[in-house]
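Understanding the architecture of this molecule
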Amino acid sequence: MSKKVVLLKNETIPFDPYKTDFKNRSVDALFIPLLIHQPINHGEIVKFLTSSEYLDNFQAFIITSQRCIESLDIVLSSIEDTNILQKILNKPAYTVGPATSEVLAKLGFEDIRGGENAGNGSILSELIIADTFFQNGNKKILFLTGEIRKDIIPVKLTSAGFDLKELVAYRTEVMKD
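As the structure is a prediction and not an experimental result, all values here were calculated from the model. (Residues numbered from 1 in each chain as written. Predicted model: local features only at pLDDT ≥ 70, side-chain atom pairs only at ≥ 80, totals over all residues. Heavy atoms only, no water.)

1. Remarks on the nonpolar core
Counting 30 residues, the largest nonpolar core has Y54, L72, I88, F109 and L142 as its most contacted members. For this core, the secondary-structure elements that each account for two or more residues are α2 (42-49), α3 (52-57), β4 (60-63), α4 (66-77), α5 (82-90), α6 (98-107), β7 (140-146) and β8 (163-174). Per element, the largest residue contribution to this core is 5 residues, and it comes from α4. Not counting residues up to four positions away in its chain, the partners in contact with L142 are F48, L49, Y54, F58, A60, F61, I62, K165 and L167. (Core = buried A, V, L, I, M, F, W, Y, C linked by side-chain atoms within 4.5 Å. Buried < 20%, exposed > 50% of the residue type's maximum accessible area, 1.4 Å probe, protein only. Helix = DSSP H or I, 4+ residues; strand = E, 2+ residues; numbered from the N terminus. Contact = heavy atoms within 4.5 Å.)

2. Here we look at the sheet that holds strand β5 (residues 93-96)
An order of β3-β8-β7-β4-β5-β6 is seen for the 6 strands of this open sheet, with the pairing classed as mixed. Pairing within the sheet leaves two strands with one partner each, and these edge strands are β3 (35-39) and β6 (112-115). Across this sheet, the average inter-strand angle for adjacent strands is 20°, counted without regard to direction. The pairing of β7 with β8 spans 7 bridges and is parallel. In the strand pairing of β8, I141 is matched with L164. The strands touched by α2 are β3, β7 and β8; relative to β8, the strand with the most contacts, the crossing angle is about 155°. (Pairing = 2+ DSSP bridges. Axes fitted to C-alpha atoms, helices over the stretch in contact; angles between N-to-C directions.)

3. Examining a nonpolar patch on the surface
Taken together, V6, L8, L30, I32, L34, L35 and V174 make up a surface patch of nonpolar side chains, about 640 Å² in accessible area. Exposure remark for L35: the relative accessible area of 33% places this residue in the partly exposed category. (Patch = residues over 30% accessible without salt bridge, like charges linked within 9 Å, V, L, I, M, F, W, Y side chains within 5 Å. Areas by Shrake-Rupley, 256 points an atom, 1.4 Å probe, with all protein chains shown as cover. Salt bridge = Lys/Arg side-chain N within 4 Å of Asp/Glu carboxyl O.)

4. Details of the packing of aromatic side chains
How two aromatic rings sit relative to each other is set out by the distance from centre to centre and by the angle between their planes. On inspection of all chains with the given rule, the structure shows 7 aromatic pairs. Look at F48 and F58: their rings are 5.2 Å apart centre to centre, the planes differ by 85°, and that puts the pair in the edge-to-face class. Highlighted residues: F48 in helix α2 and F58 in the loop between α3 and β4, separated in sequence by 10 residues. Given the relative accessible area of 3%, F58 is considered buried. Between the aromatic rings of F133 and F134, the centroid separation amounts to 5.2 Å while the plane-to-plane angle is 85°, which identifies the pairing as edge-to-face. (Phe/Tyr/Trp six-rings, centres within 6.5 Å; stacked < 30°, edge-to-face > 60°.)

Below you can see the structure in the form of structure tokens.
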């Protein structure tokens, strides 16, 4: 009889580290989601990411959750112009935690900052503020987020002179059943 584990969480798409870890240990992982994460505003996000305003003026972006990455994956797959897509993937991406960093890398991002060195939004904010990348004075950053989020990153960055644009990429709802 094979071993099984039940996880009361949504399976992370496109890659779930728990599923991989359990599979490597010959354990079947069954995911029972309690929440629904609905991607939203894709058209608005695609329009902004492919605009000259973003491509020419924004230096980087922040993405701090797995669910936001899932939404971003859908957005990026709808961008047909490979030159624009490459420009987006070449911009520095600031993220929280190693798992989020790993999934961003799998999507094709080349310059991922924070990750293992940023376990929460406060630490990530300090890393961004201290980053010499912004020495040229342009501190425009796109922050992709969920409808529900803490204010730590926006408060710290705007008080440090950063120009932060937030776009909501998903909403979280309790499953009806």
